[in-house]
Amino acid sequence: QVQLVESGGGLVQAGGSLRLSCEGSGRTFSSDAMGWFRQAPGKEREIVAAVIGSGGNTVYANSVKGRFTISRDNAKNTIYLQMNSLKPEDTAVYYCAARRLAIQKYEYWGQGTQVTVSS
């Protein structure tokens, strides 16, 4: 059974930092695209950052560029999202997801972790 399990969410003041982790099991994700998404109340889910395949190319939403960093540790089948200079508008449930490179749609999803940034 393929699983993605997020951790590291919580409550932080504006300007603070958090690091999210997403550990995969049930298959090896090192060649996949893996991403972080978020969904705030009343808003659609949006992609925050992704790391593409074994080459490790990364993409970021404009709203988080320069503040968030996505990384992967293939030995641990884990990706991370380092979030710095957090803003209240970053408040959301953050989800980890993965897909095979040949598939356009993300196939595997974690259960989500809440990030709340207070002003």
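Above this note sits the structure.
Note that the coordinates shown come from a computational prediction; the quantities given were computed from them, not determined experimentally.

**Observations regarding the overall build of the chain**
Line of reasoning, step 1. In terms of helices and strands, the chain carries 0 helices and 11 strands.
Line of reasoning, step 2. Walking the chain from its N terminus toward its C terminus, one meets helices and strands in the order β-β-β-β-β-β-β-β-β-β-β.
Line of reasoning, step 3. For the chain, the residues scored as buried account for 43% of the 119 residues in total.
Line of reasoning, step 4. Within the chain, residue pairs in contact and separated by at least 24 positions form 56% of the contacts whose partners lie at least 6 positions apart.
Line of reasoning, step 5. Looking at the chain as shown, the accessible area adds up to about 6300 Å², and 46% of this sits on carbon and sulfur atoms.
Line of reasoning, step 6. Computed over 13 positive and 9 negative side-chain charges, the separation of the two mean positions in the chain equals 3 Å.

**Comments concerning the side chain of R67**
Line of reasoning, step 1. Within the fold, R67 resides in the loop between β6 (57–60) and β7 (68–73).
Line of reasoning, step 2. Only 2.8 Å separates the side chain of R67 from the side chain of D90, close enough to count as a polar contact.
Line of reasoning, step 3. Not counting the four nearest positions on each side in its chain, R67 is found in contact with Q82, M83, N84, S85, L86, K87 and D90.

**Considering the nonpolar core**
Line of reasoning, step 1. W36, L81, M83 and Y94 are the most contacted members of the largest nonpolar core, which has 26 residues in total.
Line of reasoning, step 2. Broken down by secondary-structure element, the contributors of at least two residues to this core are β3 (18–25), β4 (33–39), β5 (46–52), β7, β8 (78–83), β9 (92–99) and β11 (113–118).

**A closer look at the environment of T113**
Line of reasoning, step 1. Take T113: it is sitting in strand β11.
Line of reasoning, step 2. The class for T113 is buried, based on a relative accessible area of 11%.
Line of reasoning, step 3. Taking the C-alpha atoms as reference, T113 lies 15 Å from I47; in sequence the two are 66 residues apart.

**Quick notes on the state of the cysteines**
Line of reasoning, step 1. Across all of its chains, the model carries 1 disulfide by this definition.
Line of reasoning, step 2. A disulfide bridge connects C22 with C96, and the sulfur atoms are separated by 2.0 Å. In this structure the cystine formed by C22 and C96 twists about its S-S bond by roughly -70°; its chirality is therefore left-handed. Highlighted residues: C22 in strand β3 and C96 in strand β9, separated in sequence by 74 residues. The residues C22 and C96 share a single accessibility class, namely buried.

**Let's talk about the pairing of β9**
Line of reasoning, step 1. Across the 8 residues of β9, 7 count as buried, placing the element largely inside the fold.
Line of reasoning, step 2. With 7 bridges connecting them, β4 and β9 associate as antiparallel partners. Paired with W36 across the bridge in β9 is C96.
Line of reasoning, step 3. Sheet topology note: the β9/β11 ladder contains 3 bridges and is antiparallel. Within β11, the residue paired with A92 across the bridge is V115.

Rules used in this analysis
- Residues numbered from 1 in each chain as written.
- Predicted model: local features only at pLDDT ≥ 70, side-chain atom pairs only at ≥ 80, totals over all residues.
- Heavy atoms only, no water.
- Helix = DSSP H or I, 4+ residues; strand = E, 2+ residues; numbered from the N terminus.
- Buried < 20%, exposed > 50% of the residue type's maximum accessible area, 1.4 Å probe, protein only.
- Contact = heavy atoms within 4.5 Å.
- Areas by Shrake-Rupley, 256 points an atom, 1.4 Å probe, with all protein chains shown as cover.
- Lys, Arg positive; Asp, Glu negative; His and termini not counted.
- Charge placed at Lys NZ, Arg CZ, Asp CG, Glu CD.
- Polar contact = N/O pair within 3.5 Å; in protein donor to acceptor, adjacent residues only side chain to side chain.
- Core = buried A, V, L, I, M, F, W, Y, C linked by side-chain atoms within 4.5 Å.
- Disulfide = S-S within 2.5 Å.
- Pairing = 2+ DSSP bridges.

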